Amino acid sequence: MLRILQRKFILAGIAAGCLIVSANALAQQSSDQRPPDDFGDRLNAMIEKFVKQVNRELTGEAEQDTIPKRRLRTADKWNRSEDEDFTYDGDVTIEKDETVNGNVVVKGGDLTVYGEIIGDVLVVGGTLYVKDGGLITGDARVISGDIVKDDGGVIEGSMDRSSARSAGYREPRDRFRRHSTSLNANWVNELTTLDNFIFRYNRVEGIFLGAGSEKRYYWDGYRDFSSWGSIGYGFKSKGWRYNIGIARQFPVGDGHLLELAVEGHRLTDTKDHWVIGLGENTAAAFLIHEDYRDYFYRAGWDISGSYSLQQDDVTGQFKVAYLADKYLSMENRTEWALFGGDKRFRLNPMIDNGNMKSILVSAGISTVDRRMYGQEGWSAFGTAEFAEESFGSDFAFRQYTADIRRYQPLSRYDNLNLRFRIGTSEGFVPLQKLYEIGGLSTVQVLPFKELAGNRMLLLNAEYIVNGDFLHDLDFWPSWLMRGVNFVFIGDAGWTRAVSSTASFDEGFGELQFRQLRSNLGIGLGNRSGTFRIAYLWSTDGTGLSRVIFRVARPF
């Protein structure tokens, strides 16, 4: 309703301007003995002139005596081969499987982008919505409207929002990110990003159904309190699981947020979030009889204070939390899968049962942004956990872990992605806190979690080349190969178990190159990186090889 009123006011303003101009024109024409034009034609001409003027300013083109006429088409008939401008009246939607080669101008309506626009965008009197997966390679400008961009939406150029009265006004890029209430970083706990409907399947719970609500970060102070949580039931474990949290948030500047939070929970938990996501693991367990996570029961509460930053292309967070939890082992409860023949799930490993009370300090910073040809930027995240018997804990240890990533586009056709992960501990580390390497997202040629210890080093590298890199060849099937990536993989890792009395830096000095477990690989994937199949072979003399299939990025 508000959007309709807004458009009416815009059109009323334009109409008033046109009446004044028309009156002057009529008077002038009367003196010249020329008949007046139709008012509707004049109004449309005024709008066209205004749009062309703004579009020239947006694209930087100089005014010419002859301006090519823009073609009017229906929204479902894009020209996929010729570069041209597209002009529309009213609401327009670019569907997920559509690509527009040219600039898009929308007058008096909203533009919703699920697909790709290879060019600039101008919206007059409406809102530009860039949905998850949507892409605009050029600049985006909205006059007398708004820009709303989802976390997964991409605008590679600049973003302007202005009124018709001041078309040159530009708002800072970070202003448009405030529409999101998410923290855009890869270290965010999956328990705070749950969907409203929860479905998962694993070997300790069977089918789990529930409802959830994600955590929101009110960067603009729209609300003082943020709450999140979930509740659900495991049909094989015959148990309810839940978490409920509430936070008092204090905006301290544009994109800066202080927070005090408390959460209570009873969970089927895992330490393998970084190895494989919940959705991909559910698909593997349900379809092919493979569960790549290990589980334990964790019930208790935590209280935390944090400072978060999300501004321009930088996201950061520093957090201190006190955790009080009871840990118990869980066992397999089901052997069903849709496919997989006679395969059986791995036994869920035992843990060290007991009460753990600890202080967890974490810090992270990320400049990662999604571009048309892949992710780009740095990500660094580290944790330090301190458990002491003086806290009333059954365990006493100190553990330090760091994860550093670089996503580097080299050209429009190739990318280099790197991850380095290191971990070390002091004291008696319970089984559920040991570092493990082998299988998915680690040294991928190795059997799953073959290596374990309280010291860890891991390096993953991917060189990705788009299949259209030979597009200059006239016979090359660019229409097919631009959607295919060639993936070259390299992994290397090492773990060691040292004495519980050793300091955190001991154990690394004795590392020799021949002790590293490593592999190379080559595979095919789709352009977005959400699907790949690859062949891997060991390079450490063990003679191992295997084929992997993924439906998500490994890191």
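Please refer to the structure placed before this passage.
These numbers were taken from a predicted model, which means no experiment stands behind them.

### Overview of the environment of T501
Step number 1: Along the chain, T501 turns up in the loop between β29 (484-496) and β30 (517-526).
Step number 2: Of the residues examined, T501 reaches a relative accessible area of 72% and is grouped as exposed.
Step number 3: When the C-alpha positions of T501 and E426 are compared, they lie 6.7 Å apart, and in sequence the two are 75 residues distant.
Step number 4: At 2.8 Å, the side chain of T501 and the side chain of S499 are in polar contact.

### Things to note about the pattern of salt bridges
Step number 1: The tally for this structure, following the rule as stated, stands at 29 salt bridges.
Step number 2: In this structure, R203 engages D291 in a salt bridge whose closest nitrogen and oxygen atoms are separated by 3.2 Å. With a gap of 88 residues between them, R203 in the loop between β14 (197-202) and β15 (206-213) and D291 in the loop between α3 (278-288) and β19 (296-311) connect regions that are remote in the sequence.
Step number 3: Relative accessible area serves as the criterion here: at 0%, R203 is assigned to the buried category.

### Observations concerning the sheet that holds strand β6 (residues 116-118)
Step number 1: The strand order across the open sheet formed by four strands is β3-β6-β9-β12, and the pairing between neighbours is parallel. The sheet is open, and its two edges are formed by β3 (99-101) and β12 (154-155), each paired on a single side.
Step number 2: Direction of pairing for β3 relative to β6: parallel, over a ladder of three bridges. Along β6, the bridge assignment pairs V100 with I117.

### A word on the sheet that holds strand β7 (residues 121-124)
Step number 1: Pairing within the open sheet is parallel, and its five strands lie in the order β1-β4-β7-β10-β13. Each edge of the sheet is formed by a strand with only one pairing partner; in this case those strands are β1 (86-89) and β13 (159-162). Going across the sheet, the axis of each strand differs from the next one's by a mean of 10°, ignoring polarity.
Step number 2: As judged from the four bridges shared by β1 and strand β4 (residues 104-107), these two strands associate in the parallel manner. Of the residues in β4, the one forming a bridge with D89 is K107.

### Some remarks on the packing of aromatic side chains
Step number 1: Throughout the structure, instances matching the rule amount to 19 aromatic pairs.
Step number 2: On the numbers, 5.3 Å between centres and 5° between planes, the contact of W187 with F381 is stacked. Taken together, the residues span a long stretch of sequence, with W187 in the loop between β13 and β14 and F381 in strand β23 (residues 374-387) at a distance of 194 residues.
Step number 3: Each member of the aromatic cluster is reached from another via a ring pair, and the members are F199, Y201, F286 and W336.
Step number 4: When the ring centre of F208 is taken as origin, the NZ or CZ atom of R200, which lies over that ring, is 3.6 Å away.
Step number 5: Lying across the ring of F225, R248 places its NZ or CZ 5.3 Å from the centre.

### Overview of unusual backbone geometry
Step number 1: Phi is positive for K238, which is not a glycine, with a value near 50°.
Step number 2: When you line up the elements, K238 lands in the loop between β16 (225-234) and β17 (239-251).
Step number 3: In this model, S441 sits at a positive phi of 65°, which is unusual for a non-glycine residue.
Step number 4: Looking at the secondary structure, you find S441 in the loop between β26 (435-437) and β27 (451-453).
Step number 5: Overall, S441 belongs to the buried group, its relative accessible area being 1%.

### Things to note about the nonpolar core
Step number 1: L111, I117, V121, L128, I136 and I155 are the most contacted members of the largest nonpolar core, which has 20 residues in total.
Step number 2: Counting residues per element, the ones that place at least two in this core are β1, β2 (92-94), β4, β5 (111-113), β7, β8 (127-130) and β10 (140-143).
Step number 3: If near-sequence neighbours (up to four positions away) are discounted, I117 is found in contact with I94, V100, G102, V104, L111, L135, I136 and T137.
Step number 4: Membership of the second largest hydrophobic core comes to 14 residues, among which are I437, V445, L451 and M456.

### So, the environment of D414
Step number 1: Checked against the element boundaries, D414 lands in strand β25 (residues 414-427).
Step number 2: Given a relative accessible area of 13%, D414 falls into the buried group.
Step number 3: A sequence separation of 51 residues divides D414 from V465, and the C-alpha atoms of the two residues are 4.3 Å apart.
Step number 4: Once residues lying within four places of it in the same chain are set aside, the contact partners of D414 are P409, Y463, I464 and V465.

What counts, and where the lines are drawn
Residues numbered from 1 in each chain as written. Predicted model: local features only at pLDDT ≥ 70, side-chain atom pairs only at ≥ 80, totals over all residues. Heavy atoms only, no water. Helix = DSSP H or I, 4+ residues; strand = E, 2+ residues; numbered from the N terminus. Buried < 20%, exposed > 50% of the residue type's maximum accessible area, 1.4 Å probe, protein only. Polar contact = N/O pair within 3.5 Å; in protein donor to acceptor, adjacent residues only side chain to side chain. Salt bridge = Lys/Arg side-chain N within 4 Å of Asp/Glu carboxyl O. Pairing = 2+ DSSP bridges. Axes fitted to C-alpha atoms, helices over the stretch in contact; angles between N-to-C directions. Phe/Tyr/Trp six-rings, centres within 6.5 Å; stacked < 30°, edge-to-face > 60°. Lys NZ or Arg CZ within 6 Å of the ring centre and 35° of its normal. Core = buried A, V, L, I, M, F, W, Y, C linked by side-chain atoms within 4.5 Å. Contact = heavy atoms within 4.5 Å.

Any link to function would need more than the numbers given here.
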